[in-house]
Each structure stands twice: as structure tokens, then as C-alpha cells.
Amino acid sequence: MFNLKYKFINVIRSGSFGIVKLYKNRFTRKSFAVKQIKKLDFFPNEVKCLENLKGVSGIQQLNKVYESKTQVKLVFDYYPGMDLFDRVESGNLIEDKLSVHKLILSMAECIKLCHGFGISHNDIKMENFVFDKDGYLVLIDFGMSGFFGADNCVRIGTSQYAPPEFEYGVFYDTSDVD
């Protein structure tokens, strides 16, 4: 069913739990980012959280979920171009202090939107922010996300961005991590 509707274009990036590939809808010609995850590694909170955030501006939108016996495919809106980390590294992003201020406020707004729905992203880093066609930030990759109070006090996110207390076994309520 999936292969009848979508045509593989190329690999966008791979991570510790899966791979994200660019696909094009064979009928509409629209591009989508498709996250493929082994079923054993699939964390269902990603889908639950994104269903609650459906239609929220500044948040990656989940369009469809396909499941087989061994794999889960999540079909997302596609945002071409570099993520925030790559844009900063390239030196083509920040023009002045006001631009930096606006960028940080935009990042905080994306996180605030999640928290307004009782959702903690749990993996905030520049690589998880991309730009939409109008240049606004969009928060992506909800693979580690969770609901406040439901799954708190867990080890989460990317270790390089985790607070030092994690190394000593001190864990946080998920609402404090973002």
C-alpha cells in the first residue's frame, strides 16, 4: 500500500532509532519526510503527542502512519533545506543581535506550544528545528516526547545535550527537561 502511493527519492538523515527518507506522493507529486523505525524500537508516544498537536503552527505535522509486522513508517510534512544547527554552522543565519533574539524567542514559542498541550519534547537541540517555506521555525522529531506526569522521571533525549546530573543518575520530571 505504502509503495503504491509513495516513491523513494533519497535518504535525508539517519538516527539511533531509525532513518528519515524523502518520498514523493505518486499522485500529488508532494514531497514528504518518512521516518522508518523498526517496530521493536518504536516509541508510540511520538504518534500520540503529534496527534494532540495536529494543526499547531511551529510543530511538525504527522500525516499518516503505516505499520507492518517489522516496521513503522511515519509520514511527515517535508521541510527542505538545512536545520537550525547547519544554518548556524554555515554562518548564513544570524545578521545581528535582534535576529538572535527573535530566533531564541521563536524556539521558546515552539516549546511553549508543546507545554500548553501538556507535552514535553525531551530532545531539544538545534538539529530538531527546521525552517518552513516562510522562514519560520518548526520543531521536529518527537521520538522522545511524552505527556507531563504520565511518563515522568525517565532518561531521555540526546546524551550530548543532557544535563550533567543525568550522568549521576539524577532524573527530572519531563516538563523540566525542555
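Everything discussed here concerns the structure shown above.
Attention here is on the structure that accompanies the text.

What counts, and where the lines are drawn
Every chain is numbered independently, its residues counted from 1 as its sequence is written. Local features are withheld for residues below a pLDDT of 70 in this predicted model, meaning they are given only at 70 or higher, and side-chain atom pairs are given and counted only at 80 or more; totals for whole chains, interfaces and linings count all residues. Hydrogen atoms and water are omitted, and side-chain values are computed over all heavy atoms in the structure. At least two bridges found by DSSP between two strands is the condition for calling them paired. Only DSSP runs of H or I with at least four residues qualify as helices, and only runs of E with at least two residues qualify as strands; both kinds are numbered from the N terminus onward. Axis lines are fitted to C-alpha atoms, over the contacting stretch for helices. Their N-to-C directions set the angle, which ranges from 0 to 180 degrees. When two rings of Phe, Tyr or Trp (its six-membered ring) have centres within 6.5 Å they constitute a pair, described as stacked for plane angles under 30 degrees, edge-to-face for angles over 60, and tilted for the intermediate range. Relative accessibility thresholds used throughout: buried, under 20% of the residue-type maximum; exposed, over 50%; partly exposed, between the two (1.4 Å probe, protein chains only). Distance and angle both matter: a charge sits over a ring if NZ of Lys or CZ of Arg is within 6 Å of the ring centre and within 35 degrees of the ring normal.

Time to look at the sheet that holds strand β3 (residues 31-38). The sheet built from 5 strands is open, its strands ordered β1-β2-β3-β5-β4 with antiparallel pairing. Sheet topology places β1 (6-14) and β4 (62-67) at the edges, where each strand pairs with a single neighbour. With strand direction ignored, the average angle separating the axes of adjacent strands in the sheet is 25 degrees. Here strand β2 (residues 18-25) pairs with β3 via 7 bridges, running antiparallel.

Moving on to the packing of aromatic side chains. Here a ring pair, both rings aromatic, is described through the centre-centre distance and the interplanar angle of the planes. Counting across every chain of the model gives 6 aromatic pairs. Relative to Y23, the ring of F2 has its centre 4.9 Å away and its plane inclined at 80 degrees; by these criteria the two rings are edge-to-face. Pair noted here: F2 is in helix α1 (residues 2-5) and Y23 is in strand β2, with a separation of 21 residues, a long-range link. Relative accessible area serves as the criterion here: at 7%, F2 is assigned to the buried category. Given a relative accessible area of 6%, Y23 falls into the buried group. When the ring of F8 is compared with that of Y23, the centres are 5.6 Å apart and the planes differ by 70 degrees; the resulting orientation is edge-to-face. Placement of the pair is F8 in strand β1 and Y23 in strand β2, with a sequence separation of 15 residues. Here the aromatic cluster, defined as three or more aromatic residues joined through ring pairs, consists of F2, Y6, F8, Y23, F32 and Y66. Between the NZ or CZ atom of K64 and the centre of the ring of Y66, over which it lies, the distance is 5.6 Å. The positively charged end of R87 is found above the aromatic ring belonging to F131, 4.1 Å away from the centroid.

In this section: the pairing of strand β5 (residues 71-77). Among the 7 residues in β5, 6 count as buried, and that is most of the element. As paired elements, β3 and β5 share 7 bridges and run antiparallel to each other. Paired with I37 across the bridge in β5 is V72. Note that β4 and β5 share 5 bridges and pair antiparallel. Pairing of Y66 across the sheet is with K73, part of β5. Hairpin remark: β4 followed by β5, antiparallel, with 3 residues in the connecting loop.

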